[in-house]
Amino acid sequence: IDPGQSWNIGGYSLLKLALFYSMIVMTIHSSSDLKKLLWAFVAVAAWLAYEPVTNYVVGAVTHHGYGAVSYGRFGAATGHVALANTMNQSIPITLYLAITTKNKYQKAILVLVLLMLCLGVYVTKSRGGFLGLIVIGLGVVFFAQARSKATLTVILAALVFFSIAGSSYVGRMSTIADGIY
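Since the structure is predicted, the reported quantities are computational estimates derived from the model, not experimental observations.

A.B. asks: Give me the lowdown on the packing of helix 5 (residues 127-143) against helix 6 (residues 147-165), citing residues and values where you can.
C.D. replies: Close contact between helix 5 and helix 6 brings their axes to 8 Å; oriented N to C, the two are set at 160 degrees. Taken together, helix 5 and helix 6 sit at an angle that is classed as roughly antiparallel. In this structure, helix 5 contributes Phe130, Leu133, Gly137, Val140, Val141 and Phe142 to the contact, and helix 6 contributes Arg147, Ala150, Thr151, Val154, Phe161 and Phe162.

Here is the structure:
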């Protein structure tokens, strides 16, 4: 193993990320600072979801053996699986802000971003992304104070999602146990 190659491939990138992480953490001094950071995170997630969702709507997609998929072109969201992963990481934070924000206009914006993030997972046709949505739904139910209301909301959201998704999407997701192809 060549230490120089290891450093160039992973070490240097890790150092940059650690420095960036430290810079962010050290700038947060209050809950207001944290909320601003979360809003910035949601804005970046919305920006990352916008292009793939728009591309899917206009038909600018990549075709795989299981159909047309949309993909991300930037950073950690490059490719369709990475895009689904990025959207799934953004959904809980966006949901938290949507629940805790009192301003109705901000809440409406956050709900629209949530819909776009979920649509972003859908347009990737990523099976892992789909599993991520399931885990998020289960987490919402598990951590909710009003579990019956949360359960009903998650079930209704799933019904709407599957009615929009159609049989080809359900068919793709049914291959989860088949492995990678």
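So, next bit.
A.B. asks: Which residues make up the packing of helix 3 (residues 80-100) against helix 4 (residues 104-124), and what values do they have?
C.D. replies: Where helix 3 meets helix 4, the closest approach of the two axes is 9 Å, and the angle between their N-to-C directions is 160 degrees. Here helix 3 is positioned roughly antiparallel relative to helix 4, judged by the angle of their axes. Handedness of the helix 3/helix 4 crossing: left-handed. Touching His80, Leu83, Ala84, Met87, Asn88, Ser90, Ile91, Thr94, Leu95, Leu97, Ala98 and Ile99 of helix 3 are Lys107, Leu110, Val113, Leu114, Leu117, Cys118, Gly120, Val121 and Thr124, all from helix 4. A class-by-class count of the residues in the contact of helix 3 with helix 4 yields 14 nonpolar, 6 polar and 1 charged.

A.B. asks: Describe in detail the layout of surface pockets, supporting the description with residues and values.
C.D. replies: The calculated volume of the largest pocket comes to roughly 1100 Å³. For the lining of the largest pocket, the elements supplying multiple residues, two or more each, are helix 3, helix 4, helix 5 and helix 6.

A.B. asks: Run through the packing of aromatic side chains, naming residues and quoting values.
C.D. replies: Tallying each qualifying case throughout the model produces 8 aromatic pairs. Note on Tyr122 and Phe161: the rings are 6.1 Å apart at their centroids and 90 degrees apart in plane angle, and the pair reads as edge-to-face. With Tyr122 in helix 4 and Phe161 in helix 6, the pair connects residues that are 39 residues apart, well separated along the chain. Accessibility expressed as a relative area gives 18% for Phe161, which makes it buried. With 6.1 Å between their ring centres and 80 degrees between their planes, Phe130 and Tyr169 make a pair best called edge-to-face. With Phe130 in helix 5 and Tyr169 in helix 7 (residues 167-173), the pair connects residues that are 39 residues apart, well separated along the chain. Taking relative accessible area as the criterion, Phe130 reaches 11% and is therefore assigned buried. Grouped by ring-pair contacts, the aromatic residues Tyr56, Tyr122, Phe130, Phe161, Phe162 and Tyr169 constitute a single cluster. The aromatic ring of Tyr122 is capped on one face by Lys125, whose charged end is 5.3 Å from the ring centroid. When the ring centre of Phe142 is taken as origin, the NZ or CZ atom of Arg147, which lies over that ring, is 5.2 Å away.

A.B. asks: I'd like to hear about a nonpolar patch on the surface, residue by residue, with values.
C.D. replies: A contiguous nonpolar surface patch, about 400 Å² in accessible area, is contributed by Leu152, Ile155, Leu156 and Leu159. Inspection of the secondary structure assignment puts Leu159 in helix 6. With a relative accessible area of 56%, Leu159 lands in the exposed category.

Parameters and conventions
- Residues numbered from 1 in each chain as written.
- Predicted model: local features only at pLDDT ≥ 70, side-chain atom pairs only at ≥ 80, totals over all residues.
- Heavy atoms only, no water.
- Axes fitted to C-alpha atoms, helices over the stretch in contact; angles between N-to-C directions.
- Helix = DSSP H or I, 4+ residues; strand = E, 2+ residues; numbered from the N terminus.
- Parallel < 35°, antiparallel > 145°, perpendicular 65-115°, else oblique.
- Contact = heavy atoms within 4.5 Å.
- Left-handed = near helix turned anticlockwise from the far one by under 90°.
- Nonpolar A, V, L, I, M, F, W, Y, C, P; charged D, E, K, R; others polar.
- 1 Å grid on protein atoms, 1.4 Å probe; cavity = no way out; pocket = protein on both sides within 12 Å on 5 of 7 lines; lining within 4 Å.
- Points joined across faces, edges and corners; volume = space filled by probe spheres on them.
- Phe/Tyr/Trp six-rings, centres within 6.5 Å; stacked < 30°, edge-to-face > 60°.
- Buried < 20%, exposed > 50% of the residue type's maximum accessible area, 1.4 Å probe, protein only.
- Lys NZ or Arg CZ within 6 Å of the ring centre and 35° of its normal.
- Patch = residues over 30% accessible without salt bridge, like charges linked within 9 Å, V, L, I, M, F, W, Y side chains within 5 Å.
- Areas by Shrake-Rupley, 256 points an atom, 1.4 Å probe, with all protein chains shown as cover.
- Salt bridge = Lys/Arg side-chain N within 4 Å of Asp/Glu carboxyl O.

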